[in-house]
There are 2 protein chains.
Amino acid sequence: MSNTSNPAQPAAPGLADRLLAGDPRAIARAISLIEDEAPTSTDLLRRIFPHTGRAYLIGVTGPPGAGKSTLVDRMTQELRARNRTVGIVAVDPTSPFTGGAILGDRVRMQAHAGDSGVFIRSMATRGHLGGLARATYEVALVLDASGKDVVLIETVGVGQDEVDIVRTADVSVVTLVPGAGDEVQALKAGIMEIADLFVVNKADREGADRTVASIESLLALEAYAPEAWRPPILKTQATSGTGVPELLDAIDRFRSRPSDDGLVRRRARSEFRLRELVADRFLDHVAREVLGDGEFEALLERIAGRSVDPYSAANDIVERALGRRKQA
Amino acid sequence: MSNTSNPAQPAAPGLADRLLAGDPRAIARAISLIEDEAPTSTDLLRRIFPHTGRAYLIGVTGPPGAGKSTLVDRMTQELRARNRTVGIVAVDPTSPFTGGAILGDRVRMQAHAGDSGVFIRSMATRGHLGGLARATYEVALVLDASGKDVVLIETVGVGQDEVDIVRTADVSVVTLVPGAGDEVQALKAGIMEIADLFVVNKADREGADRTVASIESLLALEAYAPEAWRPPILKTQATSGTGVPELLDAIDRFRSRPSDDGLVRRRARSEFRLRELVADRFLDHVAREVLGDGEFEALLERIAGRSVDPYSAANDIVERALGRRKQA
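Keep in mind that what you see is a predicted model, and the values were worked out from it rather than measured. (Residues numbered from 1 in each chain as written. Chains lettered and ligands numbered in written order. Predicted model: local features only at pLDDT ≥ 70, side-chain atom pairs only at ≥ 80, totals over all residues.)

Here we look at the overall build of chain A
Okay, so step 1: For chain A, the helix and strand inventory stands at 13 helices and seven strands.
Okay, so step 2: Looking at the 328 residues of chain A, the share that counts as buried comes to 45%.
Okay, so step 3: Partitioning the intrachain contacts of chain A with sequence separation of at least 6 by distance along the chain shows that 76% fall at a separation of at least 24. (Helix = DSSP H or I, 4+ residues; strand = E, 2+ residues; numbered from the N terminus. Buried ≥ 20, exposed ≤ 12 C-beta atoms within 10 Å, placed from the backbone. Contact = placed C-beta atoms within 7 Å.)

Some details on the nonpolar core
Within soluble globular proteins, side chains that are nonpolar generally end up buried alongside one another.
Okay, so step 1: Grouped together as the largest cluster of nonpolar side chains are 170 residues, with contacts concentrated most on Ile153 of chain A together with Ile153 of chain B.
Okay, so step 2: Other than its neighbours up to four places away in sequence, Ile153 of chain B contacts Leu57, Ile58, Gly59, Val60, Val89, Val91, Thr136, Ala140, Ile165, Thr168 and Ala169 of chain B. (Core = buried A, V, L, I, M, F, W, Y, C linked by C-beta atoms within 7 Å.)

Notes on helix H13 (residues 310–321) of chain A
Okay, so step 1: Look at H13 of chain A: 16 Å from first C-alpha to last across twelve residues, which is about the 16 Å you get at 1.5 Å a residue.
Okay, so step 2: For H13 of chain A, every residue scored as buried is listed here: Pro310, Tyr311, Ala314, Ile317, Val318 and Ala321 of chain A. Taken around the axis of H13 of chain A, the buried residues stretch over an arc of 130°, which confines them to a single face.
Okay, so step 3: Buried residues belonging to H13 of chain A abut helix H11 (261–290) and helix H12 (295–304) of chain A together with helix H3 (39–48) and helix H11 (261–290) of chain B. (Expected span 1.5 Å × (residues − 1). Arc of directions from axis to C-beta.)

What about the packing of helix H4 (residues 68–81) of chain B against helix H10 (residues 244–255) of chain B?
All names here are of chain B.
Okay, so step 1: As a packed pair, H4 and H10 sit with axes 9 Å apart at the nearest point and diverge in direction by 75°. Considered as vectors, H4 and H10 are oriented roughly perpendicular to each other. The residues of H10 that touch H4, namely those facing Arg74, Met75, Glu78 and Leu79, are Val244, Pro245, Leu247 and Leu248.
Okay, so step 2: Partitioned by chemical class, the residues of the contact of H4 with H10 number six nonpolar, no polar and two charged. (Axes fitted to C-alpha atoms, helices over the stretch in contact; angles between N-to-C directions. Parallel < 35°, antiparallel > 145°, perpendicular 65-115°, else oblique. Nonpolar A, V, L, I, M, F, W, Y, C, P; charged D, E, K, R; others polar.)

Considerations on unusual backbone geometry
All names here are of chain A.
Okay, so step 1: Positive phi values are uncommon outside glycine, yet Glu37 reaches one of about 50°.
Okay, so step 2: Backbone geometry places Asn83, a non-glycine residue, at a positive phi of 65°.
Okay, so step 3: By the secondary structure assignment, Asn83 is in the loop between helix H4 (68–81) and strand S2 (86–92).

Focus: the domain arrangement of chain A
Residues and elements named next belong to chain A.
Okay, so step 1: One can read the domain layout of chain A as domain 1 (1–51), domain 2 (54–130 + 144–259) and domain 3 (273–321).
Okay, so step 2: Contacts between the two partners involve nine residues from domain 1 and, on the opposite side, seven residues from domain 2.
Okay, so step 3: For the side of domain 1 that touches domain 2, the secondary-structure elements that each account for two or more residues are helix H1 (15–20) and helix H2 (24–35).
Okay, so step 4: A total of four residues in the side of domain 1 that touches domain 2 trace back to one element, the largest contributor, which is H2.
Okay, so step 5: Of the residues in the side of domain 1 that touches domain 2, the class split is six nonpolar, two polar and one charged. (Domains from an automatic or database assignment.)

Considerations on the confidence of the model for chain A
The predicted coordinates of low-pLDDT regions are not to be read in fine detail.
All names here are of chain A.
Okay, so step 1: Looking at chain A as a whole, its pLDDT mean stands at 82, while 79% of the residues score no less than 70.
Okay, so step 2: The secondary-structure element of chain A with the lowest mean pLDDT is helix H5 (residues 100–111), recorded at 51, while strand S7 (residues 233–235) shows the highest, at 97.
Okay, so step 3: Per-residue pLDDT stays below 50 along residues 1–8; that stretch engages in eleven contacts with residues further than four places along the chain or on separate chains.
Okay, so step 4: Quick note on the complex model: pTM equals 0.74, ipTM equals 0.78. (pLDDT = per-residue confidence, 0-100.)

Re the pairing of strand S5 (residues 171–176) of chain A
All names here are of chain A.
Okay, so step 1: Of all six residues that make up S5, six are buried, and the element is covered over most of its length.
Okay, so step 2: Alternating positions in S5 separate into two faces, Val171, Val173 and Thr175 on one and Ser172, Val174 and Leu176 on the other, with burial throughout.
Okay, so step 3: Where strand S1 (residues 56–62) meets S5, four bridges bridge the pair, whose relative direction is parallel. By the bridge assignment for S5, Ile58 is matched with Val171.
Okay, so step 4: One ladder, built from four bridges, connects S5 with strand S6 (residues 197–200); its direction is parallel. Within S6, the residue paired with Val173 across the bridge is Leu197. (Pairing = 2+ DSSP bridges.)

Observations concerning the environment of Gly65 of chain A
Okay, so step 1: If you trace the backbone, Gly65 of chain A turns up in the loop between S1 and H4.
Okay, so step 2: For the pair Gly65 of chain A and Leu176 of chain A, spaced 111 residues apart in the sequence, the C-alpha separation amounts to 8.8 Å.

Things to note about the pairing of S6 of chain A
Residues and elements named next belong to chain A.
Okay, so step 1: In S6, alternate side chains face the same way, and those of Leu197 and Val199 on one face and Phe198 and Val200 on the other are all buried.
Okay, so step 2: Relative to S7, S6 runs parallel, the two sharing three bridges. Along S7, the bridge assignment pairs Phe198 with Ile233.
Okay, so step 3: Once you follow S6 into helix H9 (residues 208–220) and on to S7, the crossover reads as right-handed. (Right-handed = clockwise from strand over helix to strand, strands pointing away.)

Notes on the environment of Leu234 of chain B
Residues and elements named next belong to chain B.
Okay, so step 1: Locating Leu234 in the fold gives a position in strand S7 (residues 233–235).
Okay, so step 2: Through-space distance from the C-alpha of Leu234 to that of Leu71 is 12 Å; in sequence the pair is 163 residues apart.
Okay, so step 3: Ignoring anything within four residues of it in the chain, the contact list for Leu234 reads Leu197, Phe198, Val199, Gly243, Glu246, Leu247 and Ala250.

Quick notes on the environment of Ile194 of chain B
Residue and element names in this part refer to chain B.
Okay, so step 1: Along the polypeptide, Ile194 turns up in the loop between helix H8 (181–187) and strand S6 (197–200).
Okay, so step 2: For Ile194, a count of 19 C-beta atoms within 10 Å translates into the label partly exposed.
Okay, so step 3: Residues Ile194 and Pro231, 37 residues apart in the sequence, show an inter-C-alpha distance of 9.9 Å.

Here we look at the packing of H11 of chain A against helix H13 (residues 310–321) of chain B
Two measures define how a pair of helices packs: the angle their axes make with one another and the distance between the axes.
Okay, so step 1: Where H11 of chain A contacts H13 of chain B, the axes come no closer than 9 Å and their chain directions differ by 50°. One way to sum up the angle between H11 of chain A and H13 of chain B is to call them oblique. The handedness of the crossing between H11 of chain A and H13 of chain B is right-handed. Taken together, the residues of H13 of chain B that come into contact with H11 of chain A (itself represented by Ser270, Arg273, Leu274, Leu277, Val278, Arg281, Phe282 and His285 of chain A) are Pro310, Tyr311, Ala313, Ala314, Asn315, Ile317 and Val318 of chain B. (Left-handed = near helix turned anticlockwise from the far one by under 90°.)

Quick look at the structure:
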């Protein structure tokens, strides 16, 4: 159960201050610490946390091939034209071995090269459950603290992992393309519940209106209270930028909607993260101070041999950690 | 942070015994307890755990429309013909409100009506992260304890949630259909790493060989050690049953492969579940005995107001639970 810590990666002195001043090198360094799960990243996050909560987090998700990267780039251009600074986290669930994320970064960086109001970073899959969603949230905190007005969180796919990532955002934009019959079906699989806005991208293609209609018919199945936000469906052509200003206007309307749903959402996110942090700390403590060397492995052996069940084993570990039970 | 427990649902006396004897009503009741997260489900799982570890768990996943249900039905027929008893868990990530799971059950039950060697149960999405994967694993334990030789775990989609579900299996079958260009792309998103066997279903359709070729080319990118298992690609037509015996033969070969990879996999699964159980127990303890009424909510309020950061808050909670720190 030991948590293989990375070799100590001391945060450079003054890293937090430079980050808070918006220094891109400090931002990049901070994100690397988070990606490497360096112990110093927690100290850093603790220091910058009081300076967060200002940025608006926009999640953009959808199936592969929906044109999300281009859309995010166009949104960035439009946001810059509106004098807002932008941080982009592109979460790429491809295998860490492909190096796709890094290559993509280089290509995309060029579009905003020389603009200090934009910071782009791609992240690849982490090995453990929930790890990517957590890292994404922490990177968003970093960009927030660095003074970016808007943080765009772009993620591929419509699975649970993406749903969790998008849930860290203040608003979720689900992007589809014409003819995406299967994808609209897949929407039922949870993403329907997280979409605040729908975008039908590549709207010049045949079938765009049919795709809009099938989203409409799914929305018609939901019961919306009269004052509730009903997800609008926007049509865009990201390659030319058509429809992107309207999309940002719709996001602004969502942001300024009268309900306090936004607060509720931030609260739910905060609660989830706190529970997760508490669980992580406790598991660390158990690994370091409760279980002896090799004891966890021996326990797994006994579970495999069915001489102990995992429910009793978990109970025993917690009781021992709480000092209620002597070591067996 | 309070865990809204369900109203006490006492396990009927003798439930474990009846379950171990293979009584379908007892199996159904046990699964309901797990789905409802009834406190008694833990006692039940503890009692039946020593009788588990015998069933072979086969995960079947793939995008919507790949014909997984039909394939699983055909596999069940073939397994019955080979004198093996079968439990099926069909994990349906559609919203719990659609009722799709229950309807599907009724339709599918008919195919195996009157065969006491088959038990089918669908499960819908649980609200919380990882909840579905855990429940699926526990239902598999129940079917295992009830004496089923094989447990088929069927799940829709290729996202992280499905990956986690399929990881609970001993072998993972990824099902695709001809022309699934996007889906093969999506494979890169993690599922490539979990596939032990590929099935190209509806193999009579045009483009089947192209789909096989694109999987081949993805596999060619992986570096397999000479003695390592290289995922075979099977062609099936589930509606007629063509290719299904060959699929089961391939699964048997996988099961009897010389490496001890199977043990490693069961070990990893066991470790993950134990950590999860320990975390859950501890969070329960914190909610019930460490934090006062409304204290968690007050803490979230302070985090929202940025007067405390979540990292320090999590630390404080753990320290207090361990009795190292007085209440602030």
